[in-house]
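Spelled out from the first residue to the last, the chains are:
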Amino acid sequence: RIVDTGTIEADQTINYTLRIWIDYDATTEEASGKTFKGKLRIEAKQSKGKPLAEVLLADSANNINTSDSEQTFITGENPNNYVWYSGKLWRAVSIDTSDNSVKLVTEWDISAIAFGCDSTAFEGSNVKEWLNDESVDGFLYNLRDPENFIKMDSEWNATMMTTTDKPPKTTMVTSPVGLLNLYEYTMSYNGTTVSNGYLNNGLYWWTLTPYNEDILYRVSYDGSTSNYTYDNNLGFRPAINLKPEIRVASGSGTKDNPYRLEGDNDTDLSGTLLNTRYSGEYIRFGTGENNLYRIVSHESSGLTKITNAEPLKNDGSFVTIYFGDDNVFSSSNTIGTFLNNDYLNPSNGYLTSDQVNMIEDNTTWYLGRIETRNSYKLAKYTDTNMSEYATSTNAKVGLLRYGELMSSQFERYALKGESTSSGLTRYYWLLTKGAGSEYINRVSDNGSSGPGYTNNQGPLGIKISLNLKSDVIITGGNGTKNDPFTLK
């Protein structure tokens, strides 16, 4: 039984007393003349690094902006503010002046859904529910020890605005995970152009700020902001506030050497089961140009769902395929046949025989339907007022669902300063049916998604999804993109 947790400072002393009770019904023979012993075990580690806020503020490359009395902003084109936490690359945006907590936002879009069902309000929206979802395949559930790392009572300013000025605290929402508002985004490129700001990731994504009851601000692939209705499907970048006591264990804050945090900087993981690791971590799986995958979740007990880090390629070009005339995924429709035959055949060069044997033979794939404004949960969970939302099929290999973790792009649609496609991304199919019997959901090359695509509008790219068996172990690596896990 854990009786206490916390931090002890250098000059601090804590006294503990361990009391032992003898059972009331113990007889004289059982209890007299005996020596009773108990143990109080202290598990401790010494912090070596400095608090993250202190490290960020001391780096001259970070263009610190102190014009706001409540948040000290990191600004510019490429500051040293990359942080690796819980399998994902983040950017440090600001430091709260009241407690030195650090606001982070993911470098890339993690998923893409409609912001809300009936308004632009963050409270009650699809996005707020997704970000704070504590189900087995939810975002918050899949963060590493969130109670120890992030401020669970964080406040998010979702006040309606028609300018980029600092918003009044009219609409404040409390939740562990949120989004950046328009003001916080515009402060990030202070001192440089909007297209060159460090938060321009070359994709579309939602901000937290409503323009009115029907329209929110979004960030476009070129870094500019514009208005978009809440029922459209855009990518989004989760934001969190790290506790002020979180310290840096290693790293320099660059993209190739991001800050690693104490408590999330595992080094020797050889022999560790893969199913104990975290959503977003990279693994070496597949062959050649298709040898990098990421953990999605562990929604099936003991198994590890993974997806390729980018859509499947062949000789440098994205592989494309039609979904299938019936618009319903199965192991025998067009795309299902490719995934469960051609992809699994080692002679085709996508996998080795050993890797094929690591894959769980029979996974349930949920074939829900997502129409305009519908909750992302209808891709998997039953809604008793609607039909065809809880159907499923079984196969060895499948696709990601609408709104699932890791179901949006991770590379740039457009490079900084450019307004055309960079060729780094590709439209790809999702598993989830769309509006009407002929439509299928897909993710676009700019990070958005949509329910209105048909088979004959293909072919599209392939973002594979599969479960690795419960006995797959890590043999090396630390789970980052530069040092992915190796497996057996």
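The structure under discussion appears in the preceding block.
Rules and cut-offs
- Residues numbered from 1 in each chain as written.
- Predicted model: local features only at pLDDT ≥ 70, side-chain atom pairs only at ≥ 80, totals over all residues.
- Heavy atoms only, no water.
- Patch = residues over 30% accessible without salt bridge, like charges linked within 9 Å, V, L, I, M, F, W, Y side chains within 5 Å.
- Areas by Shrake-Rupley, 256 points an atom, 1.4 Å probe, with all protein chains shown as cover.
- Salt bridge = Lys/Arg side-chain N within 4 Å of Asp/Glu carboxyl O.
- Helix = DSSP H or I, 4+ residues; strand = E, 2+ residues; numbered from the N terminus.
- Buried < 20%, exposed > 50% of the residue type's maximum accessible area, 1.4 Å probe, protein only.
- Polar contact = N/O pair within 3.5 Å; in protein donor to acceptor, adjacent residues only side chain to side chain.
- Contact = heavy atoms within 4.5 Å.
- Phe/Tyr/Trp six-rings, centres within 6.5 Å; stacked < 30°, edge-to-face > 60°.
- Lys NZ or Arg CZ within 6 Å of the ring centre and 35° of its normal.
- Pairing = 2+ DSSP bridges.
- Axes fitted to C-alpha atoms, helices over the stretch in contact; angles between N-to-C directions.
- Core = buried A, V, L, I, M, F, W, Y, C linked by side-chain atoms within 4.5 Å.
- Lys, Arg positive; Asp, Glu negative; His and termini not counted.
- Charge placed at Lys NZ, Arg CZ, Asp CG, Glu CD.

Visitor: Please explain a nonpolar patch on the surface as it appears in this structure.
Guide: Nonpolar side chains collect at one region of the surface, where Val3, Ile8, Ile14, Tyr16, Leu18, Ile20, Ile22, Phe36, Leu40 and Ile42 lie side by side and expose about 920 Å² of accessible area between them. Along the chain, Tyr16 falls in the segment before α1 (28-31). Residue class for Tyr16 comes out partly exposed when judged on its relative accessible area of 39%.

Visitor: Help me out: how do you make sense of the side chain of Arg277 in this one?
Guide: Take Arg277: it is sitting in the loop between β15 (259-261) and β16 (282-284). Within the structure, the side chain of Arg277 is placed 3.1 Å from the side chain of Asp266, a separation counted as a polar contact. Not counting residues up to four positions away in its chain, the partners in contact with Arg277 are Arg144, Asp266, Leu269, Ile295, His298, Ile474 and Phe485.

Visitor: Got a minute to help me understand the packing of aromatic side chains in this structure?
Guide: Aromatic rings considered in pairs are described by the distance between their centres and by the relative angle of their planes. Counting across every chain of the model gives 20 aromatic pairs. With 5.5 Å between their ring centres and 25° between their planes, Trp130 and Phe139 make a pair best called stacked. A relative accessible area of 3% means that Trp130 is categorised as buried. Both rings, one in Trp206 and one in Tyr228, keep their centres 6.1 Å apart while their planes meet at 45°; by these two values the pair is tilted. Pair noted here: Trp206 is in strand β9 (residues 205-210) and Tyr228 is in strand β11 (residues 225-229), with a separation of 22 residues, a long-range link. Tyr228 gets classed as partly exposed once you look at its relative accessible area, which sits at 25%. An aromatic cluster is built from Phe115, Phe122, Trp206 and Tyr228, whose rings are joined through pairwise contacts. Between the NZ or CZ atom of Lys313 and the centre of the ring of Phe318, over which it lies, the distance is 4.9 Å.

Visitor: Where do I start with the sheet that holds strand β23 (residues 397-399) in this structure?
Guide: By way of backbone hydrogen bonds, the strands of a sheet pair with one another, either parallel or antiparallel. If you trace the five strands from one edge of the open sheet to the other, you get β16-β17-β18-β27-β23, paired in antiparallel fashion. One side of each edge strand has no neighbouring strand; the edge strands of this open sheet are β16 and β23. On average, each strand axis in the sheet is inclined to that of its neighbour by 40°, with strand direction left out of account. Here helix α6 (residues 334-342) sits on the sheet and contacts β23 and β27 (464-468); the angle it forms with β23, its principal contact strand, is near 135°.

Visitor: Looking at this structure, I do not really get the nonpolar core. What am I missing?
Guide: Most often, soluble globular proteins have nonpolar side chains that are buried together. Membership of the largest hydrophobic core comes to 74 residues, with the highest contact counts inside it found for Leu52, Trp130 and Leu242. Not counting the four nearest positions on each side in its chain, Trp130 is found in contact with Ile110, Ser111, Ile113, Phe139, Phe236, Pro238, Tyr376, Gly403, Glu404 and Leu405. In terms of nonpolar packing, the next biggest core, distinct from the first, is built from 40 residues, Leu274, Phe285, Leu312 and Tyr350 among them.

Visitor: When you look at a negative patch on the surface in this model, what are you seeing that I'm missing?
Guide: On the surface, Asp23, Asp25, Glu29 and Glu30 cluster together into a patch of negative charge. Summarising the element assignment, Asp25 is placed in the segment before α1. Assessed through its relative accessible area of 61%, Asp25 is described here as exposed.

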